[in-house]
Structures are given as C-alpha cells and as structure tokens.
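# Reading the structure
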Amino acid sequence: MSRRNLRRLLRMDPSLAYIFLISSTEISHYLSIRKNQAEILYQDIHNTQLIHDTLQDIKAYHIITLIDETYPPMLKTIKDAPIVLYCYGDDTLLYKTPSISVIGTRNPSLDAMNKTKYIISPLIKDNWVIVSGMAKGIDSYAHRLALHEGGKTIAVLGSGFEYIYPNENTFLFQQLVKDGLALSEYPPKVPPRKFHFPERNRIISGLSFATVVIEATERSGTMITVDQALDQGREVFAVPGSPHIPQSIGCLKLIQEGATMAVTYEDIMSDWRNKSFLRTNSE
C-alpha cells in the first residue's frame, strides 16, 4: 500500500480493525484500489505465516508509528511524515535538542573534511545531535566525526537495516547502532531503491532545527534535502568556498538565494539561541 492509502485508511479507521473484517471486494471499494491489489492485500493481512515471519524480522528493532504518543514531535509537523519508524540504537536521540542535519556532496573536495570539522566539531562538543544520511562523502564523515568526538548522531537510511548502502559503510553502521541511532521508514529486509533516497531526505531535515550544507555542486541531490528543509520551515546554512571548485558552487548559489552563510559554528549557535529566546518569550 502507498503511504497515501495508509493515511486514508488511518483517517477512516484509526483502530485499523475494520479492514480485517471485510472481503477483498469491499477493500477495493473502501480504499478505491484495483481489485487485484485488494486481493493481494487481503491475502497478506490474513496470512498468519507471513505475519509471524514479519514479526520475527522486526523483533530486534524498536518500532514507532505515527499514532504512538512517543512519535518524535519534530517529525509530526512535517508534510508526509513517515507512518512507521524502525529504530536501531539509542532512540532517545529522537527527542534531544538541538539537532542539526549535515549534508553535502558524495565527492567532496580535498578541503571538505577540514570545513566539516571546523564548523561541526564545536557543535558536537556542545552536545548537538548530528543527523545525516550515511551516504558517501560529507554524510559519512559527519557521522564519523560525531562518533570520534564522543558525540551523538542519527543516520537516516534509504533501505532496511539488513541492506546497508553503500556497502563500505557497514562498519560505520555497526558503530552507529552502538553509540548513536540508525533510523529507517523501510522494513529490515527492504533493499535500497533509487527513489528511497529523495524520500528519506525529508526525515533528515525534519529531525533537525536546521540543515547545514558543507559542499554541493550546482545540480546535486543535496539540493533535494535543502528544498525539503525550506518546505518544512527549517533554517538552511551554507558553508562558502572557492568559486573555482565545483563542489562550492551549490553553496554559493544557496547563499545568493538567501541561505544563511555559515563561516563559523557561532553563526549556527547564535541563530539557535535567538530562536530559543523567542520561543521561551512567546510561551
């Protein structure tokens, strides 16, 4: 079922009980889906072996659904919030503030790691939670930096926990689930698919007070996360760089278009303090 149909079902039947009591023909009418889809759904939800196997697959993980009181408040307000979250590791990080998403190109420049450390290390030492997508390049380095400095980090995956992508990050994943948190809206046995990565970006930005772009080319997948952050009303920071380096062009364009320039970590921290002050006084 699509998330759209699941949401429709939840609106019509918050208990999720009625769908188990009706025929496939009635399911087709109830959800406005094709008869063959309704028949497959009917067979699945009445297949006790499938249900048993699924429960076995997920029993090692903590699961939070949109209707649970423990659902992360930062995510509840975003458009198309994930209906189910699979958590592996320290799920208390979902409720810690402040948090910031650190994103960037998969092919960073030689100076990218220095820029990341210069901007992000002070935030880690100040107990900020670092959120990213465990992709190659900037994402992976941000996670490693947080773990190396004894900080906390959340990795939002574009696959289930049994399909780590890229494969070279398997060891990083193992470290993350010991000292941080891996998060996915996909069940453990779901492999990565191309469309999963743009989808998971809304969770990366949604979990964070702000998104900071370390490096990005002009046409970059990083910009999808930026668009999601802006759509969610989150702050966007961009780290400037040389216009002679392709990996800096995306950040420079973002600054031209109104993103806040992050020259030091203090640019981010002062914005957080200002907004915290405004929130406190408005309450």
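Before any of the text, the structure's been laid out above.
One structure accompanies this document, and this report is about it.

Cut-offs used in this document
Residues numbered from 1 in each chain as written. Predicted model: local features only at pLDDT ≥ 70, side-chain atom pairs only at ≥ 80, totals over all residues. Heavy atoms only, no water. Buried < 20%, exposed > 50% of the residue type's maximum accessible area, 1.4 Å probe, protein only. Helix = DSSP H or I, 4+ residues; strand = E, 2+ residues; numbered from the N terminus. Contact = heavy atoms within 4.5 Å. Axes fitted to C-alpha atoms, helices over the stretch in contact; angles between N-to-C directions. Parallel < 35°, antiparallel > 145°, perpendicular 65-115°, else oblique. Left-handed = near helix turned anticlockwise from the far one by under 90°. Pairing = 2+ DSSP bridges. Phe/Tyr/Trp six-rings, centres within 6.5 Å; stacked < 30°, edge-to-face > 60°.

### Comments concerning helix α9 (residues 196–206)
For α9, a buried count of 9 out of 11 residues is recorded, marking the element as mostly surrounded by other parts of the structure. Those residues of α9 lying buried are His196, Phe197, Arg200, Asn201, Arg202, Ile203, Ile204, Ser205 and Gly206.

### Looking at the environment of Leu10
Its place among the elements puts Leu10 in helix α1 (residues 3–12). Judged by its relative accessible area of 17%, Leu10 is buried. In this structure the C-alpha to C-alpha distance between Leu10 and Ser242, which are 232 residues apart in sequence, comes to 50 Å. Setting aside residues no more than four positions away along its own chain, Leu10 makes contact with Leu16, Ile67 and Ile83.

### Some details on the packing of α9 against helix α10 (residues 222–231)
Contact pair α9 / α10: the axes reach a minimum separation of 8 Å and the direction vectors enclose 50°. Taken together, the axes of α9 and α10 lie oblique to each other. The element α9 and its partner α10 pack so that their crossing is right-handed. From α9, Pro198, Asn201, Arg202, Ile204 and Ser205 reach across to α10, where they touch Ile224, Thr225, Gln228 and Ala229.

### Things to note about the sheet that holds strand β5 (residues 152–156)
In spatial order, the strands read β1-β2-β6-β5-β4-β3-β7-β8-β9; together these 9 strands make up an open sheet with mixed pairing. Each end of this open sheet is capped by a strand with a single partner; those strands are β1 (62–65) and β9 (260–261). Here strand β7 (residues 210–213) pairs with strand β8 (residues 235–238) via 4 bridges, running parallel. Among the inter-strand pairings, Ala210 is bridged to a residue of β8, identified as Glu235. Here helix α7 (residues 138–148) sits on the sheet and contacts β3 (99–103), β4 (129–132) and β5; the angle it forms with β5, its principal contact strand, is near 150°.

### Details of the packing of aromatic side chains
The full count for this structure, using the stated rule, is 10 aromatic pairs. On the numbers, 6.0 Å between centres and 65° between planes, the contact of Trp128 with Trp272 is edge-to-face. With a gap of 144 residues between them, Trp128 in the loop between α6 (112–125) and β4 and Trp272 in helix α12 (residues 265–282) connect regions that are remote in the sequence. Given a relative accessible area of 2%, Trp128 falls into the buried group. Grouped by ring-pair contacts, the aromatic residues Tyr61, Tyr88, Phe161 and Phe173 constitute a single cluster.

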